[in-house]
Amino acid sequence: MIELGVNIDHVATLRQARREGWPKVVEAARVCEDAGAHQITVHLRQDRRHIQDHDIEDLAQSLRVRMNFEMAAVPEMIALAHRIRPHSVCLVPESREEITTEGGLDVAARVEELTALTAGMHERGILVSMFIDPDLAQVEASAATGADMVELHTGQYANAAEADTPAELERLRTCGDAAVRLGMLFNAGHGLSIRNLAPVAALPGLHEVNIGHDIISRAIFIGLDSAVKEILAILQQHAA
C-alpha cells in the first residue's frame, strides 16, 4: 500500500510553547508506530522552533520504524545526519522568516553541491529525498544528483480553488510519472489532509505521503491513534 510518514514536529511546537517536558515527542512517535505509521518524519530547523537536538537523539534510539529526517542542506545538519544515520533525509529549503515550508528546493540551481551531499549520505547508508515543486526540470535535476526519491510539494494543490484542482493534480501526475521513469520513488507531502488526500492517493506510482499538521490537529479532537488510522484507511482504499 501507499506508506505513511507522520510528521510529529507540532507535538514539539506544543511542548515548546511552555518550554516544559510535555507532550513528549518520543511518546507521540510510539502512538503513531502502534497505529500503523510506516515512518516518523521530523524537521530539525536551524532556529530550533519546535524539534530540538535531543529529540533527534531520542528518536534515533527508540524508533521501531524508520526515521525520515527533514533538513536544510547546510553543514550543521549534514554532520548531524552523518552521525545519527536516519533511514532517509529529505532536503528542504528553509527560511527563518517562513511559518512553514513555502516551496520546493531549487535542485536545478544546486546540482553539483547536492550531488556531493547525496553521495556522502549514500556512503553512510542513508537514502536521499528531494522536496521539490511539481516541475519537470526539478525532477530531472533530482535524478541527476543521484537522489533515491522526490517528495512533490502538494501545497499548491492543497490550497487551489476547486476549478484549479484538476490542473494541479495533473502537474503532480506528470512529475510523479517522470520520477518513476527516472528510477526514483515518488512521494508527496505538504497540506495533505483527510479532506484532500484521496485524489493524490489515486495517482499512479505514489509510494509514500508525509502528513503532519492535519494529523496533529485532528488528534486534539479524536486522539492521535485515530487520526493516524483514518489517514491509513484512505491510503488503504488506493492500495495496488
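Small disclaimer: the values here were computed from a predicted structure and weren't measured. (Residues numbered from 1 in each chain as written. Predicted model: local features only at pLDDT ≥ 70, side-chain atom pairs only at ≥ 80, totals over all residues. Heavy atoms only, no water.)

A. Main features of the sheet that holds strand β8 (residues 206–211). With parallel pairing, eight strands are arranged side by side around a closed barrel as β1-β2-β3-β4-β5-β6-β7-β8. Neighbour-to-neighbour, the strand axes of this sheet turn through a mean angle of 25°, independent of strand direction. Alignment of strand β3 (residues 66–71) against strand β4 (residues 88–91), held across four bridges, turns out to be parallel. Directly across from Glu 70, in β4, lies its bridge partner Cys 90. Lying on the sheet, helix α8 (residues 165–181) is in contact with β6 (149–153) and β7 (185–189); it crosses β6 at an angle near 175°. (Pairing = 2+ DSSP bridges. Helix = DSSP H or I, 4+ residues; strand = E, 2+ residues; numbered from the N terminus. Axes fitted to C-alpha atoms, helices over the stretch in contact; angles between N-to-C directions. Contact = heavy atoms within 4.5 Å.)

B. Expanded view of the nonpolar core. By size, the foremost hydrophobic cluster in this structure holds 71 residues, and its most contacted members are Leu 4, Ile 8, Phe 69, Met 130, Val 209, Ile 215 and Val 228. Examining the composition of this core, we find that seven residues originate from one element, helix α11 (residues 224–237), more than from any other. (Core = buried A, V, L, I, M, F, W, Y, C linked by side-chain atoms within 4.5 Å. Buried < 20%, exposed > 50% of the residue type's maximum accessible area, 1.4 Å probe, protein only.)

C. Seen up close, the packing of helix α3 (residues 53–62) against helix α4 (residues 75–84). α4 packs onto α3 with a crossing angle of 20° between their chain directions and a minimal axis gap of 11 Å. Relative to α4, the element α3 lies roughly parallel. Here α3 runs over α4; the crossing is right-handed. Here Ile 56, Glu 57 and Ala 60 of α3 come into contact with α4, specifically with Leu 80, Arg 83 and Ile 84. Looking at the contact of α3 with α4 residue by residue, the classes come out as four nonpolar, no polar and two charged. (Parallel < 35°, antiparallel > 145°, perpendicular 65-115°, else oblique. Left-handed = near helix turned anticlockwise from the far one by under 90°. Nonpolar A, V, L, I, M, F, W, Y, C, P; charged D, E, K, R; others polar.)

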